[in-house]
Structures are given as structure tokens and as C-alpha cells.
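In case you want the letters, here they are:
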Amino acid sequence: VIALGQPQREVLTTCAYCGVGCSFVAELQGDRVVRMTPYKDGKANHGHSCVKGRFAWGYATHRDRITTPMIRASIDEPWREVTWEEAIAHAASEFKRIQAKYGRGAIGGITSSRCTNEETYLVQKLIRAGFGNNNTDTCARVCHSPTGYGLKTAFGTSAGTQDFDSVMQADVIMVIGANPTDAHPVFASQMKRRLRQGARLIVVDPRRIDLVRTPHVEAAHHLQLRPGTNVALINALAHVVVTEGLVNEAFVAERCDPVDFGIWREFILRPENAPEAVAAITGVPAAEIRAAARLYATGGNAAIYYGLGVTEHSQGSTMVMGMANLAMITGNLGRPGVGINPLRGQNNVQGSCDMGSFPHEFPGYRHVSDDAVRRAFEAEWGVPLDPEPGLRIPNMFDAALDGSFKGLYVQGEDIAQSDPNTQHVTAALRAMECVVVQDLFLNETASFAHVFLPGASFLEKDGTFTNAERRINRVRQAMKPLSGMADWEVTMALSNAMGYPMHYSHPSEIMDEIARLTPTFAGVSYELLDRVGSVQWPCNEAAPEGTPVMHMGGFVRGKGRLMVTAYVPTEERTGPRFPLLLTTGRILTQYNVGAQTRRTANVTWHDEDVLEIHPHDAEQRGIRDGDLVALSSRIGETSLRARISERVQPGVVYTTFHHPESGANVVTTEFSDWATNCPEYKVTAVEVRPTNRW
Ligand code: SF4
């Protein structure tokens, strides 16, 4: 229970949970935060908030916080508390020893979508300039990397096309593989306001999410497809648009590459893309597909909002391009109320991608092999840079197991819990000689670490987060870092100890450097953010106060590119041993692996993950509501409690992944998106049986 009183000071900052990026006023008594109040002028939230942002900040001072650096010679030994100097020196000397023995490419790092833009920028700079390789990747690899690939291919830039407020001008809203009510609650409220005003709703989801029918809102169509069949469905929608003469010919002629359109048109007219053929693949009746396609194409402004139910598939990137195709042929781009809008999971997924976390791209999505871009970074950073892309996260794990990758710096990401096929990840971590974890808590990954560097919570930081609508929001320090060091200072100290000097006295100087090197951030500064509140990139000479809606006069790449998006079934198949398909999601009151929400004492949170199973499948297996069940796949097995529910279809089960005890990723597979290696979390063949084990 928090004793509330008159705050002695207030600090305007940004929520560190989801990609909506709500602005809050942190109210303090002394150095203690006593209340978080949604900021009425916050441009992403307009004074609204959800339960997480408003109440779940107690983790920042939870007793589990580690505030003293620690080291150990091996993961079988107990931790030993040391000074910051000793911890940094030890990590740097281990990394240098590994590079001397195994080569420059034997180490790398993973940036965090929870950290600020400035912190993320600094980690990738340390890796490229200090480690001398491009072995940098981000936890966005496992969520929205297909968004980056697909949208860049179609339009030329890796970001959502509209601002949140634009939804108020949408006439048709298509929600694909997203559950905004639970995962993006403040934006979901805005979307529901528009739906209550009369906008029509199409939901594409294997599960009957709340949005399908909620007070005063009912979806016109719920296309309840089988997990793993998104691409077949999006192709069928496009097939209907073309065969029924609903293409926006003027838009296509003016805005799209004619050669690509011609090739694509021939592809989409093939009989395998017809609704009747696709109905057999997806389980969605052909008439329903036709009706949804007509509504999307003819209902006025049509906007697509999507989430990880699109990206976390073996065809995640294909599906992103399929949605882009559909929007282009119907002219639903380049004005308010339309577009392709990814709902980013974590607070700074967009920013961590923007800041050059991927192994093949500098900040601003420019390829490392681009000589002119690389020369600009070499001139600013003062060292030669590698023109070859580095290792992605799954490649790092594979390289660790074959003995060529030995050292890893992980900032703010619990890869041992959040990445798929946990057994493979932990075997890779065990095979490394130096794992450095920087985090608030001793997370699962820290069990395999040799150096632990305490991290700082958002309340202890100065910097910026970029939300799902490309909005750069200021994060302001409400209290001093409990460990005495801000995250950017830790990265800077590690870089200096590695022999690559960095000298910043405040995160604003890091942002100034980002602006000098990144054309889409050229106009961004703390002075501007303090003056106008927040801006959406691109922010530069052409758009000094940002860009709410992209691709207005033309696409960033010039002509829009329609891509052939053939449906290829996932290699993950059901069979006699594993006859059900598991898909995963989130609940409102928890956040990802629960590291923060589970450590918040001032509200009652759900206390376990449950497995939703259809009554028919439950009856066949003798499972009653509330029974403990074993959930097994060919990868592994875990236990959790069953909830009998008609939200899922027969043959499909569903769970969340907020608690390490149930460990859904123990069962998820090694399959991933063909273009980006984003794991296929959403499709796992499983069996469920009653069990007494817990
Ligand atoms: Fe925070 Fe997202 Fe909730 Fe807003 S909607 S308060 S950003 S968790």
C-alpha cells in the first residue's frame, strides 16, 4: 500500500511497457515515486492510461533489484560483489582475451527494446567500433523483424505508416494477429471509440479475442483461421479484390511499380488463391472471405493494425508484404485513416530497430555495405568499420555451439526465457566463456552469466523511447540510478575499458550524434522535444516538427513494390503424437516474461499462465476446467492449468508466457521466418494430457 500525499515534485516521462508510449507525470516525495498520473497533453495517450502504466511501477524499487556489480569465474560458482571498476575491467579483459584467442568475430551483443534510443545506439556503436564487428542484434529479432523487412521492401522504410489519431478517420479497421485490448490498451480504447462511431471491424485471428464482441462493438467479420495460414488468407482477400474489379486503378497507376504489379496480378489470379481453395487451408468459409474483402476494398478508408500474430511465423515477412499488397491495390495508403500499422510490443521496439541494432544496418536502416554511409560513420566514430553483416541472435547461438562464438553482452533482455527452444539457447549460453548480463534483476539468462552489471529502470533514466507510430518521446529521470550508474554510462565505461574511447556527459549529446548521422532524425534534439512534447520521424529540414502520416505524395522508395507472396505451409505439422496447434498471446495485467509486473505489489495480478482448450478437445482427453495438464511438443514439455474455453477452435490451444514456471518457450520450435529468423512462436504442434505433476 502506498501512502499518498502531496507530491513535492513532478517529472514528465514515458511509460516503459508497451509500444503505445503513454506520457505520465511521476509524482515524488523526496526520491520516492508515490503516483504515476497519465499526462493529459501526452500525444499518444491524451490523458489515458492502462493498469500497467498507472500502477505497475513498483518493480523499480523492488527488493529483487541488484544494485551492486558481480562477477564469477564460472557459472557453477557463487556470485562475488565487486566495484563497478572491477566488474567493467573484468568484462573488458575477458572480451579482449576471447578476441585474441578466437578472433574479432567471437564476441557480440544484444540490445534491448526496453532501453532508450541513446542506450541502444551506444551498444551497437560499442560493438561496431569497439568490438570491431557487426555482431549486434536486438530482441526485436524475435518480435517485429519481419515488419522491418516487409515494409522496407514494399515502401522503402521499416515503420508503420500512420499516427494513432489517424484511426479516428478510418471507416474500416482490420485487426490481424493482434489483441489490442490486452496488449495495447490505450490505443484499443481509441480504436473502440471509432468503432462505436460506426467504423466497421474485421478481425483476423485464430482466437476469439475480446474485440470481436465487446460492449457496443461487434466485428462485421471474424476470420477465425487456423494458426499458420495468414498468407493464404491475405492472398485470397487480394484475389477477390482483383477478380471482382475492386482494384484502385488510379492509385496503382500513379504509385506502384507497373512491372511488379503485372507479375503480382498474374500470381494472385491463380486458382490456389481463390477463396474456395483457401477455405480448405484456413478453415474460413469462402463467403466470409469474399465479404471481408469487399468491405475492406469498398468501405471507405481502410486501416490495417497488426501484431505478433502476423510476424512470429515462418512466413512473417511474406505476410507483412501481403498486407502491403492489399493496401496498395485498394489505395489505402498515404492519407489519414488508412495504412499498415504494426502494434509494437515493447516500449522501444521501433527505436531499437531505428538505432542500428540489426547486424546488417547502421542507424536509419542503411546497409553496412553501403560505402558512402559507412564512410560517414567511420568519419564520426574515428575507426574503420566492417562492411560485412554480423551474426543474428540465432546465428550467435549456433556459432556458440560450434565453438566459434564465445562472448556476449546482453543488455535488458532475458534470452534464456523469451527466446524459443529454451534448451538450445541455454546450451549455447553454457558454451560461451564470458556472458555479461546488464539487467534490473537476476533473470534466467543471468544463471549463465559471468559478469552481472546492474541496470537502471525507466524512472532512473534520461533519454527517449520511440513508440509504434514513430513518435519520439522524452524519458526523464525521476530518481538517481540505484546502482550509481546509468545504463549509457555503463556501456561507455565498458567501451573505454575495451580501448575504444567514448566521452559523453549527457544522453542529449548521444542524440545530437544520432541526429548528425541519421537523416530521418536530423532535426531531433532534446531542445525540440522539450519545446513541442514529442515528434514522429522523419524529422528533418523537410519536416521540422515530424511526420504523422508517411508516404503522402509518394513512397520512400519511389514506386510501391508489390511482391509475389506464395503461401508455403509451415514445416511444423500436427500428427498422431502432437495433434493440436498451440498459439500464444498476452493478458492485460502482465507484460512479456513478467519480470516487472510480477514484482509489483500494489495490485493483484493474475498469478499463473493457463492453457485455453476447446471443450471438445478437453472432453476427448478427460480434462476438466482447472486441471493441471502436461503440454508437450517434440521440443519439450511443461505443466500448467487448463481453462476450458470456446475462444479457441477445436484443434487449437492457447497460452500466455508471463511466468517462468510454465515456460511456454520450453515447447516452441526452432522454425523461424525465412527472411529474418523471427521465431515461429505462434505455431507449435502439441499434445495435452492431464497430470498430477506441478
Ligand atoms: Fe503503458 Fe502501454 Fe498501458 Fe500506455 S497502454 S500505460 S504505454 S502499458
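Definitions and cut-offs
- Residues numbered from 1 in each chain as written.
- Predicted model: local features only at pLDDT ≥ 70, side-chain atom pairs only at ≥ 80, totals over all residues.
- Helix = DSSP H or I, 4+ residues; strand = E, 2+ residues; numbered from the N terminus.
- Rg over C-alpha atoms; globule rule 2.2 N^0.38 Å.
- Buried ≥ 20, exposed ≤ 12 C-beta atoms within 10 Å, placed from the backbone.
- Contact = placed C-beta atoms within 7 Å.
- Arc of directions from axis to C-beta.
- pLDDT = per-residue confidence, 0-100.
- Near = placed C-beta within 6 Å.
- Nonpolar A, V, L, I, M, F, W, Y, C, P; charged D, E, K, R; others polar.
- Domains from an automatic or database assignment.
- Pairing = 2+ DSSP bridges.
- Axes fitted to C-alpha atoms, helices over the stretch in contact; angles between N-to-C directions.
- Core = buried A, V, L, I, M, F, W, Y, C linked by C-beta atoms within 7 Å.
- Expected span 1.5 Å × (residues − 1).
- Parallel < 35°, antiparallel > 145°, perpendicular 65-115°, else oblique.
- Left-handed = near helix turned anticlockwise from the far one by under 90°.

You'll find the protein entered in an unreviewed UniProt entry as Formate dehydrogenase alpha subunit, with Tepidamorphus gemmatus given as the organism.

Draft legend 1. Focus on the overall build of the protein. Within the protein, the regular secondary structure consists of 22 helices and 28 strands. For the protein, whose C-alpha radius of gyration is 24 Å, the value lies close to the compact-globule estimate of 26 Å for 694 residues. Dimensions of the protein, computed from the C-alpha atoms along their principal axes, are close to 70 × 65 × 60 Å. Within the protein, buried positions represent 58% of all 694 residues. Counting only contacts in the protein whose residues sit at least 6 apart along the sequence, the fraction spanning at least 24 positions is 73%.

Draft legend 2. Broad picture of helix H18 (residues 422-431). Turning to H18, its buried residues are Thr422, Val425, Ala428 and Leu429. Viewed end-on, H18 has its buried residues packed into an arc of 130°, placing them on one side of the element. Check the buried side of H18 and you find it contacts helix H16 (393-401), helix H17 (415-418) and strand E18 (434-439).

Draft legend 3. Geometry of the confidence of the model for the protein. Within the protein, residue pLDDT values average 93, and 97% of them lie at 70 or more. Quick note on the complex model: pTM equals 0.92, ipTM equals 0.99.

Draft legend 4. Expanded view of the environment of tyrosine 500. Tracing the sequence through the fold places tyrosine 500 in the loop between helix H19 (487-498) and helix H20 (507-517). Between the alpha carbons of tyrosine 500 and lysine 125 there is a distance of 10.0 Å; along the sequence they are 375 residues apart.

Draft legend 5. Representation of the site of the ligand. In the vicinity of the ligand lie 14 residues, with Cys15, Tyr17, Cys22, Cys50 and Gly53 positioned nearest. Every element with two or more residues in the shell around the ligand is listed here: helix H1 (51-55) and helix H6 (185-196). Among the residues forming the shell around the ligand, the class breakdown is 8 nonpolar, 5 polar and 1 charged. Structurally, the shell around the ligand is a two-domain feature, drawing no fewer than three residues from each of domain 1 (9-61) and domain 3 (145-342).

Draft legend 6. Molecular detail of the sheet that holds strand E8 (residues 172-176). Reading across from one edge, E12-E9-E8-E13-E14 is the order of the 5 strands in this open sheet, with parallel pairing throughout. Among the strands making up the open sheet, the edge pair consists of strand E12 (221-223) and strand E14 (339-342). Ignoring strand direction, the axes of neighbouring strands in this sheet form an average angle of 15°. Contacts from helix H11 (residues 286-298) reach E8, strand E9 (200-204), E12 and strand E13 (302-306), with the element oriented near 125° to E12.

Draft legend 7. Molecular detail of the nonpolar core. In this structure, Ile173, Leu233, Leu237 and Met323 are the most contacted members of the largest nonpolar core, which totals 95 residues. In terms of nonpolar packing, the next biggest core, distinct from the first, is built from 81 residues, Ile127, Phe362, Phe397 and Leu429 among them.

Draft legend 8. The arrangement of the sheet that holds strand E19 (residues 451-454) in detail. Strands sit in the order E5-E4-E19-E18-E17-E6-E7 across an open sheet of 7 strands; the sheet is mixed. What marks the edges here is a single partner per strand, and that holds for strand E5 (80-81) and strand E7 (136-138). With 2 bridges connecting them, strand E4 (residues 70-71) and E19 associate as antiparallel partners. Note on E19: the bridge partner recorded for methionine 70 is phenylalanine 452.

Draft legend 9. Fine view of the domain arrangement of the protein. Each assigned domain of the protein is listed with its residue range as follows: domain 1 (9-61), domain 2 (70-74 + 93-143 + 348-536), domain 3 (145-342) and domain 4 (580-690). For domain 1 versus domain 2, the distance between C-alpha centres works out to 25 Å. The interface of domain 1 with domain 2 comprises 18 residues on the first partner and 19 residues on the second. At the level of elements, strand E1 (9-14) and strand E2 (23-29) are the ones that each hand at least two residues to the side of domain 1 that touches domain 2. When its residues are assigned to classes, the side of domain 1 that touches domain 2 shows 10 nonpolar, 5 polar and 3 charged.

Draft legend 10. Local environment of H6. Under the 1.5 Å per step criterion, the end-to-end length of H6 is 16 Å for 12 residues, consistent within 8% with the ideal 16 Å. The element H6 is extensively covered by neighbouring structure, given that 9 of its 12 residues are classed as buried. Along H6, the positions that sit buried rather than exposed are Pro185, Val186, Phe187, Ala188, Gln190, Met191, Lys192, Arg194 and Leu195. Directly after H6, the chain includes glycine 198, whose backbone phi takes a positive value near 125°.

Draft legend 11. Region of interest: the environment of valine 247. Tracing the chain through its elements places valine 247 in the loop between helix H7 (230-243) and helix H8 (249-255). C-beta crowding within 10 Å serves as the criterion here: with 19 such atoms nearby, valine 247 is assigned to the partly exposed category. In this structure the C-alpha to C-alpha distance between valine 247 and alanine 280, which are 33 residues apart in sequence, comes to 25 Å.

Draft legend 12. Fine view of the pairing of strand E21 (residues 471-475). Burial of E21 is extensive: 4 of the 5 residues sit out of reach of the surface. Linking strand E20 (residues 463-466) back to E21 in an antiparallel pair, the connection comprises 4 residues, with arginine 470 at a positive phi of about 65°. Where E21 and strand E22 (residues 534-536) come together, 3 bridges link them in antiparallel fashion. Residue pairing across strands places isoleucine 472 opposite valine 535, the latter belonging to E22.

Draft legend 13. Region of interest: the packing of helix H3 (residues 117-131) against H20. In the contact formed by H3 and H20, the axes pass within 9 Å of each other and the chain directions differ by 65°. When the axis of H3 is compared with that of H20, the two are roughly perpendicular. Considering only the axes of H3 and H20, their crossing is left-handed. The residues of H20 that touch H3, namely those facing Asn117, Glu118, Tyr121 and Leu122, are Pro507, Ile510, Met511 and Ile514. In the contact of H3 with H20, the residues fall into 6 nonpolar, 1 polar and 1 charged.

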